[in-house]
Amino acid sequence: MEKHKLPELPYAYDALQPHVSSETLKFHHDKHHAGYVKKLNELVEGTKLEDKTLEDMILTQPPGKVFNNAGQVWNHTFYWNCMSPSKDLKPSSELEDKIKQGFGSLSQFKTEFAEVATGQFGSGWAWLVKDNAGQLKAMSTANADSPLQFGFTPLLVCDVWEHAYYIDYRNDRGTYVEKFFEVVNWEFVSQNLQLEGARMSPSEKVRSIR
Ligand code: MN3
């Protein structure tokens, strides 16, 4: 039995155009994300990891295939929910205050986030997180790594693996990240501020937000 399921995209394939094309979303969700889910199910089937949640595996597995596939399944589910076709979404006043505290202004945050995203060497993810002291930070992780490993609470993520932008922007990660801000689901990001580190479950969250 397949323990881990590929979640549906929270919008249509063409909903984020022109910033993210339907071709990109089809490949990214139906091939890449689906591939990580399939591989993870194969790896855990019949093992003691079969009943573990993605978070359990991210927090306890050593570097290797199980960790990589569990991390990639979690990160992609979170990433889809960080985007929305709605144009009128804004950070909550609470989130805006925290961003001002951490970065000075929303525009300064975007600049720092873009620097982190473009500065990540090779494949990885750019994040806005709430750290253990409740402060907001921009950080990147390599490959399938997660802020959960540091005990941080992820608020926002941008996938900076080449497969996320190569169809639409070729090698231009900078423009992809700039356009990413046109589709950020600030309502989702604002809600994440209420969560605490690894105790959250993105799968639960995805259901509650739809
Ligand atoms: Mn990806």
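How each quantity is defined
- Residue numbers here run from 1 along each chain, matching the order of that chain's written sequence.
- Only residues with pLDDT of at least 70 are given local features in this predicted model, and only at 80 or more are side-chain atom pairs given and counted; all residues enter the totals for whole chains, interfaces and linings.
- For the side-chain quantities, the full set of heavy atoms in the structure was used; hydrogens and water were omitted.
- The distinction between a cavity and a pocket rests on a 1 Å grid over the protein atoms alone: a 1.4 Å probe fits inside a cavity but cannot get out, while a pocket stays open yet meets protein on both sides within 12 Å along at least five of seven lines, and a residue with an atom within 4 Å of a point counts as lining.
- Grid points are joined across faces, edges and corners, and a volume is the space filled by probe spheres set on the points.
- Each residue receives one of three labels: charged for Asp, Glu, Lys and Arg, nonpolar for Ala, Val, Leu, Ile, Met, Phe, Trp, Tyr, Cys and Pro, and polar for the others, Gly being one of them.
- Between any two strands, pairing holds if DSSP finds at least two bridges.
- Helix and strand definitions here come from DSSP, where helices need a minimum of 4 consecutive H or I residues and strands a minimum of 2 consecutive E residues; each element is numbered from the N-terminal end.
- Helix axes use the C-alpha atoms of the stretch in contact, all axes being lines fitted to C-alpha atoms, and the angles between their N-to-C directions lie in the range 0 to 180 degrees.
- Residues count as neighbours in contact if any of their non-hydrogen atoms are within 4.5 Å of one another.
- Two rings from Phe, Tyr or Trp (for Trp, the six-membered ring) form a pair when their centres are within 6.5 Å of each other. A pair whose planes differ by under 30 degrees is stacked, one over 60 is edge-to-face, and the rest are tilted.
- Under the scheme applied here, a residue whose accessible area is under 20% of the maximum for its type counts as buried, over 50% as exposed, and between as partly exposed, the area being computed with a 1.4 Å probe on protein chains only.

K.L.:
Outline the layout of surface pockets, listing residues and values.
P.N.:
Space inside the second largest pocket adds up to approximately 190 Å³. Together, Ser86, Lys87, Leu89, Lys90, Pro91, Leu106, Lys110, Phe181, Glu182, Val184 and Trp186 line the second largest pocket. Looking at the lining of the second largest pocket residue by residue, the classes come out as six nonpolar, one polar and four charged.

K.L.:
Can you break down the sheet that holds strand β1 (residues 124–130) residue by residue, with the values?
P.N.:
Taken in spatial order, the three strands make up an open sheet running β2-β1-β3, and their pairing is antiparallel. Both outer strands of the open sheet, β2 (136–142) and β3 (153–159), are each paired with one neighbouring strand and no more. Strand-to-strand twist in this sheet, taken as the mean axis angle between neighbours without regard to direction, amounts to 25 degrees. Inspection of the sheet shows β1 paired to β2 by seven bridges, in the antiparallel sense. Its bridge partner being in β2, alanine 126 is matched across the sheet by serine 140. In the packing of helix α4 (residues 93–103) onto the sheet, contacts are made with β1, β2 and β3, and the angle to β2 comes to roughly 80 degrees. Helix α5 (residues 106–119) contacts β1, β2 and β3 of the sheet and is inclined by roughly 145 degrees relative to β1.

K.L.:
Before we move on, could you go through unusual backbone geometry and cite the residues and values that matter?
P.N.:
Among all residues except glycine, the phi angle is most often negative; among peptide bonds, the trans geometry is most common. Cis rather than trans, the peptide bond between glutamine 17 and proline 18 has omega equal to 5 degrees. Backbone geometry places asparagine 143, a non-glycine residue, at a positive phi of 55 degrees. Along the chain, asparagine 143 turns up in the loop between β2 and β3.

K.L.:
Give me the packing of aromatic side chains: which residues, what numbers.
P.N.:
Throughout the structure, instances matching the rule amount to 17 aromatic pairs. When the ring of phenylalanine 113 is compared with that of phenylalanine 180, the centres are 6.3 Å apart and the planes differ by 10 degrees; the resulting orientation is stacked. Of this pair, phenylalanine 113 sits in helix α5 while phenylalanine 180 sits in helix α7 (residues 173–180); the two residues are 67 residues apart in sequence, bridging distant segments of the chain. The class for phenylalanine 113 is buried, based on a relative accessible area of 0%. Taking the relative accessible area as the measure of exposure, phenylalanine 180 reaches 1% and is therefore buried. Taken together, Trp74, Phe78, Tyr79, Trp80, Phe103, Phe109, Phe113, Trp125, Trp127, Phe180, Phe181 and Phe188 form an aromatic cluster joined through their ring pairs.

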